[in-house]
Structures are given as C-alpha cells and as structure tokens.
Amino acid sequence: MRINEIRLNNFRNYSSLKLRFDKRINVLIGDNAQGKTNLLEAISFLSTVRSFRIKDETDLIKKECDIARIEGMIQSSVGEKRLTVMIGHSGKSLLIHKNPVKRTSEFIGQCNAVLFTPADMDFFEAPPKVRRRMMDVELSKLSPVYMENLNQYAKVLKERNTYLKQDRPDIEYLEVLSDQLIALQIPIIESRREFIAFVTKRISTLFCEFMEEKFEIDIKYESESESHTDLALHLNQKMTASLKRDLALKITHVGIHRDDAKFALNGFDVSAFASQGQKRMLILALKMAILEFIVSKINTYPILLLDDVFSELDTKKKVKFAQLLPKDVQIMITTTEINEIKGWPASEIDVFLVNNGVITPYKEDYR
Ligand SMILES: Nc1ncnc2c1ncn2[C@@H]1O[C@H](COP(=O)(O)OP(=O)(O)OP(=O)(O)O)[C@@H](O)[C@H]1O
Ligand SMILES: [Mg+2]
C-alpha cells in the first residue's frame, strides 16, 4: 500500500499543501517546530481517524480557520482511492472518493499506516490501556467487525456500570447485560490472542537482529479469559463470581476492558529491566512485527511512519535499523539532521525540506 499524494488545507501549520510521493522512502527534514510531525499526523489520521497526539480534534484546525482538510491518494492492489477527512469545530466528516462514509469502521484501514513516535518510548511503563489501544488500533484497521464489536462492548459496559450505580439494580437485567458483554468480547479475545501469538513469534528474531545478540522476548496476553478455550463458559463463571464485588463497588470487574499485554526480556519485565536503548529497539522490533502481521492479513505492507526515530540510537544501530527495514514498504521518516540518512539507498529516496508549513524538494547533496 502506498500514499501517492497528500493535500492539506488549514491543517495544523499547513495552509495549503500538495505533495506527491514518487519514491519509496520519503525523508522530511527541517528544524524544530516546522511541521514534520504534523505531516505524519495527517497521514496517520487517514489511517486511524484519530490523532496520535491530541484528543480534542479542533486543535488540528489551523488557528483562526474553520475547517481542516486532509486528502490522501491511496494506492493498493484494487487501485487508487481518494480518502478525505474534514474536521470542523462541531465534528468531522469522512469521504471515500467523493462519497460520505457514515461509519468510521468503514473508513479505517483504507489507508493502513503503522507509526513510530517518540511517545512510544513510554509504551512499557504506561498504564494497560495504552497497550490495549495498540492492539485495538492495529486490529481495527484490519477488521471493521472488530471495531464494531469493540464499540458495542464499550456501550454495553457503560450501560452496565451506570446500572450498577442505581439503588437496587435488578439481578436479572444485570445478567442480560453480562451475557451481551460476554458475546461481544469473545471474538475480540480471539483476535487479540492471534495478534499477540504472531507478534511474539517474530519479535525475538527481529530484536536479536537489531541487537546482534541473543535475547528471549515474551509477550503475555493478560486477560480474564486466561488460556481457556470454552470462553463463553469461563467468562460466565468469572462474571457470576464477580457479581457481589461488582454490586459492592458499582463497577464491572471482569472483561476485555481490563486486558493487558506484558513484555518480558529474558524473563524479566521490560519496564523494570530494559535499558532506554533496548526499549527503543524493542518498540521498533514490535512495529516491524506488526508490519508482518498486517502483511499476513492483507497481503500488502502498510505505510511506515517514523517520527524522529534516530535519536538515542548509536551510529551502528542506525545503520542496522536501515538495513532491516523491509524492502517493499513505503516509508515516511522525519529528521532534523540530514547525516542520519547517510548510506541509505539514494535512488529510492526523496528528501523534502519542511519549513514553517511549506514543503519543497531538498536541494543539497546529502550522500
Ligand atoms: N492548530 C494549529 N494552527 C497553527 N499552527 C499549529 C497548530 N498546531 C500546531 N501548530 C504549529 O506547528 C508547529 C509544530 O509542528 P510539528 O510538531 O510538526 O514540528 P516538527 O517539525 O515535528 O518539530 P520537532 O523537530 O520539534 O519535532 C509549531 O510551530 C506549532 O505552533
Ligand atoms: Mg516532530
């Protein structure tokens, strides 16, 4: 999958941008605060219909403007699709070609991009919801059904929690809601299990190649479902056993909203054991494993967005990282320092200079 062209209007610090990507590797170079990350944010928004930086989407609209617009020409095996997102102060709209799309789940995944951002460095220390979100973002891009189930689950969960706060909740009605929650979470658990199993298989190899040393990496999918196969029965027992606690504390304790994925390096918890450099390489190995998972599902690589990936990597690792990037993947990479891409395959690279919301071809020889 490729993005052939992007157009931005009043998005962040871009008034009007039209940029074609003819080469496989696109390097965005510029000083701080010029709009490099903003461009990746726009591409990522086309992929996930959310910003990886902020919750309030009106922040994406250029100051003193009314509507931000992101338009991307996405090339896949079925041809080129024009995806458009318009963000206004009272909501957003999505279009494929020129047709409005009602359900976000229909839009997500039309452009599949995998992102590395420096904020990912907190991934292992972050609360479980960050690691759940990683699974959900990747799986939602691959399956509208997954996303619909997840949304429906969140709705029923909210209803159950609200109902638990009533004076005398009716037990039978609570059971109806519990049954709905169980039915909705079973396919989600199955998808998360499959995802973790795949990523676990690949991540050790990728990480060892980066580090040129032997390591064992394990990812444990922590879930109330444990490794049970009769999920309906097992979850039913768990929910029944938790009913008293749910009533006392007025909240639902059992379910996928509590899942986590725990990473261990040579048997030790990554958050407590790994060095900064190791964590960065582990995150990168994770992203690579995710690329492979996506290929296994949709037969094409997603677009890889790398924001400020080089800082903290020593020179040897930078070279190694470049060597290990899959050869068929389109890459957008930001940097402040042109030397960082020395030794990369020049014939496959376009370098763009980002300067205060304006992007021009980078003229200097950097090889
Ligand atoms: N809604 C907005 N309207 C106008 N300008 C904005 C808006 N949101 C962010 N900006 C501007 O965008 C710039 C930041 O862009 P971005 O985060 O892409 O920088 P960057 O090039 O990635 O820099 P760095 O190298 O520091 O990461 C800042 O100058 C900020 O003021
Ligand atoms: Mg940036």
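Residues numbered from 1 in each chain as written. Chains lettered and ligands numbered in written order. Predicted model: local features only at pLDDT ≥ 70, side-chain atom pairs only at ≥ 80, totals over all residues. Heavy atoms only, no water.

### Considering the sheet that holds strand β6 (residues 91–96)
Here's step 1: If you trace the 6 strands from one edge of the open sheet to the other, you get β2-β1-β4-β5-β6-β7, paired in antiparallel fashion. Looking at strand neighbours, the two that pair on one side only are β2 (14–20) and β7 (99–101), the edges of this open sheet. Recorded for the sheet is a direction-independent mean angle of 20 degrees between the axes of neighbouring strands.
Here's step 2: For strand β1 (residues 2–11) and strand β4 (residues 68–76), the ladder comprises 7 bridges, and the chain directions are antiparallel. Residue pairing for β4: L8 is matched across the bridge by I70.
Here's step 3: The strands that helix α1 (residues 36–48) touches are β1, β2, β4, β5 (79–88) and β6; relative to β1, the one it contacts most, it runs at about 110 degrees. (Pairing = 2+ DSSP bridges. Helix = DSSP H or I, 4+ residues; strand = E, 2+ residues; numbered from the N terminus. Axes fitted to C-alpha atoms, helices over the stretch in contact; angles between N-to-C directions. Contact = heavy atoms within 4.5 Å.)

### Thoughts on the side chain of E57
Here's step 1: Summarising the element assignment, E57 is placed in the loop between α1 and β4.
Here's step 2: Take E57: its relative accessible area is 19%, and that puts it in the buried class.
Here's step 3: Here E57 is in contact with F45, V49, R50, I87 and K92, once residues within four sequence places are set aside. (Buried < 20%, exposed > 50% of the residue type's maximum accessible area, 1.4 Å probe, protein only.)

### A few points about the pattern of salt bridges
Here's step 1: One pass over the structure, following the stated rule, counts 29 salt bridges.
Here's step 2: In this structure, R12 and E41 form a salt bridge, with 2.8 Å as the shortest nitrogen-oxygen distance. With a gap of 29 residues between them, R12 in the loop between β1 and β2 and E41 in helix α1 connect regions that are remote in the sequence. As far as burial versus exposure is concerned, R12 and E41 are alike and both buried.
Here's step 3: One continuous salt-bridge network, built from bridges that share partners, spans E5, R7, R20 and D22. (Salt bridge = Lys/Arg side-chain N within 4 Å of Asp/Glu carboxyl O.)

### Looking at the domain arrangement of the protein chain
Here's step 1: When its domains are assigned, the protein chain resolves into domain 1 (1–112 + 302–367) and domain 2 (121–300).
Here's step 2: Domain 1 and domain 2 are separated by 28 Å when their C-alpha centres are compared.
Here's step 3: Contact residues are listed per partner, giving 26 residues for domain 1 and 22 residues for domain 2.
Here's step 4: Of the roughly 2200 Å² buried where domain 1 meets domain 2, counting both sides, 66% is carbon and sulfur surface.
Here's step 5: Across the pair E212 and K316 runs a salt bridge whose closest N-O atoms are separated by 3.9 Å.
Here's step 6: If you look at where domain 1 meets domain 2, you find 6 residue pairs in polar contact (both at pLDDT 80 or more).
Here's step 7: Elements that contribute at least two residues to the side of domain 1 that touches domain 2 include exactly α1, α2 (104–107) and α9 (315–324).
Here's step 8: Among the elements that make up the side of domain 1 that touches domain 2, the one with the highest residue count is α9 (5 residues).
Here's step 9: In the side of domain 1 that touches domain 2, the residues fall into 12 nonpolar, 7 polar and 7 charged. (Domains from an automatic or database assignment. Buried area = accessible area lost by both parts, 1.4 Å probe. Polar contact = N/O pair within 3.5 Å; in protein donor to acceptor, adjacent residues only side chain to side chain. Nonpolar A, V, L, I, M, F, W, Y, C, P; charged D, E, K, R; others polar.)

### Remarks on the sheet that holds strand β13 (residues 331–335)
Within a sheet, neighbouring strands are paired by backbone hydrogen bonds and run either parallel or antiparallel to one another.
Here's step 1: The 6 strands lie next to each other as β8-β12-β13-β3-β14-β15, forming an open sheet whose pairing is mixed. Edge positions in the sheet fall to β8 (113–116) and β15 (358–361), since each has one partner strand and no second. Recorded for the sheet is a direction-independent mean angle of 20 degrees between the axes of neighbouring strands.
Here's step 2: The pairing of strand β3 (residues 25–29) with strand β14 (residues 349–355) spans 5 bridges and is classified as parallel. Paired with V27 across the two strands is V351, which belongs to β14.
Here's step 3: In this fold α1 packs onto β3, β8, β12 (303–306), β13, β14 and β15, with an angle of close to 150 degrees to the strand it touches most, β13.

### Remarks on helix α6 (residues 231–249)
It helps to recall that an α-helix has 3.6 residues per turn; residues three or four apart then point in one direction.
Here's step 1: Taking 1.5 Å as the rise per residue, α6 with 19 residues should run 27 Å; its terminal C-alpha atoms sit 25 Å apart, in good agreement.
Here's step 2: Its maximal kink placed at L243, α6 deviates by approximately 45 degrees.
Here's step 3: Among the residues making up α6, those that are buried are L231, H234, L235, M239, S242, L243 and D246.
Here's step 4: Those residues of α6 that are buried lie in contact with α4 (144–164) and α5 (171–211).
Here's step 5: K250 lies just past α6 and shows a positive phi near 60 degrees. (Expected span 1.5 Å × (residues − 1). Bend = angle between axes of the 7 residues up to and from the residue.)

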